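Listed below are the residues making up each chain.
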Amino acid sequence: MTHDARWQSERGASPPQQVQLADDRLNADTAYGLACQGVALLWRGDFQNARQLLNALGNRADRHRRLPPRSAAAAATTMAEAFHRERQARAQRARTLSALLIELDADYRSALRRAPDVSAACSEALGAGQGPLVLSLRELLGMIGAHEWRVRGIELPAVNLRIHAHYGVFAPLRHEYVELVAQAPLPAALAAHNVAFDIGTGTGVLAAVLARRGIGQVLATDVEPRALA
């Protein structure tokens, strides 16, 4: 018996070469070993148990990163080498956690036990459904979280605004840099050329800050369609 579903990855990951069915009987150590070998796990058990397994995979990946070097030579690295090693470790962690897969039908609904209704979150992020799809649970949870933030909004006291960001658009959950732009002295050149540019504006927050500070023209640009929306 064969079954087809579209591969979905917002981060541009390639479809896994090996896929194995998995359910509530799979323990975290075995799942972690398979994920590290590049084997994707298509979940057929309880949805909430899948979330717990994802957390367990993250804990094991973090413990592995914290292991001390096996030799003094491995520990003696330059700053550039340490940075490269850290990037590699983070990339490996992302690949490992992305190995846990969830299938959704054409209406973005899951047949798993205790699965929440994610249709609104997926429609917001991906548009209209185009048939059954498979995606990583990690990405799906990101869409759910983005939907919740979009509904609630993110309050920015520095400009007395509440923004409702789209999925995939950087949202300023930390307010320090927003307050910095709101309070820093403006360049003297604005007296002659009252215009500012916000390159890679994302949610448009900094553009709003500059406009509220009295700059006559603020030009905000971005290449991401969701940011423009």
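What counts as what
Residues numbered from 1 in each chain as written. Predicted model: local features only at pLDDT ≥ 70, side-chain atom pairs only at ≥ 80, totals over all residues. Heavy atoms only, no water. Salt bridge = Lys/Arg side-chain N within 4 Å of Asp/Glu carboxyl O. Helix = DSSP H or I, 4+ residues; strand = E, 2+ residues; numbered from the N terminus. Buried < 20%, exposed > 50% of the residue type's maximum accessible area, 1.4 Å probe, protein only. 1 Å grid on protein atoms, 1.4 Å probe; cavity = no way out; pocket = protein on both sides within 12 Å on 5 of 7 lines; lining within 4 Å. Points joined across faces, edges and corners; volume = space filled by probe spheres on them. Nonpolar A, V, L, I, M, F, W, Y, C, P; charged D, E, K, R; others polar. Pairing = 2+ DSSP bridges. Polar contact = N/O pair within 3.5 Å; in protein donor to acceptor, adjacent residues only side chain to side chain. Contact = heavy atoms within 4.5 Å. Phe/Tyr/Trp six-rings, centres within 6.5 Å; stacked < 30°, edge-to-face > 60°. Lys NZ or Arg CZ within 6 Å of the ring centre and 35° of its normal.

A. Molecular detail of the pattern of salt bridges. For the structure shown, the criterion picks out 12 salt bridges. One salt bridge in this structure joins Arg-60 and Asp-29, with 2.7 Å as the shortest N-O distance. Here Asp-29 lies in helix α1 (residues 28–36) and Arg-60 lies in helix α2 (residues 47–65), a separation of 31 residues in the sequence. What makes Asp-29 exposed here is its relative accessible area of 53%.

B. How the structure looks around the layout of surface pockets. A volume near 340 Å³ is recorded for the second largest pocket. If you trace the second largest pocket, you find 20 residues lining it, with Arg-11, Ser-14, Pro-16, Arg-95 and Ser-98 closest to the centre. Looking at the lining of the second largest pocket element by element, the count peaks at three residues for helix α4 (residues 79–97). Its residues assigned to classes, the lining of the second largest pocket comprises nine nonpolar, eight polar and three charged.

C. Examining the pairing of strand β5 (residues 133–136) more closely. Burial of the side chains of β5 extends over both faces: Leu-133 and Leu-135 are buried on one face and Val-134 and Ser-136 on the other. Bridge count between strand β4 (residues 100–104) and β5: four bridges; the pairing is antiparallel. Across the sheet, residue Glu-103 finds its bridge partner in β5, namely Val-134.

D. Broad picture of the side chain of Arg-60. Of note is the side chain of Arg-60, whose polar atom sits 2.7 Å from the side chain of Asp-29. Excluding residues that lie within four positions of it along the chain, Arg-60 makes contacts with Ala-28, Asp-29 and Tyr-32.

E. Geometry of the packing of aromatic side chains. In total, this model carries zero aromatic pairs according to the counting rule given. A cation sits over an aromatic face here: Arg-152 above Trp-149, 4.9 Å from the ring centre.

F. Structural detail: the side chain of Ser-9. Within the element layout of this structure, Ser-9 appears in the loop between β1 (6–7) and β2 (18–22). We classify Ser-9 as buried; its relative accessible area is 16%. Within the structure, Ser-9 has its side chain in polar contact with the side chain of Glu-139 (distance 3.2 Å).

Function cannot be read off these values alone, since they describe shape.
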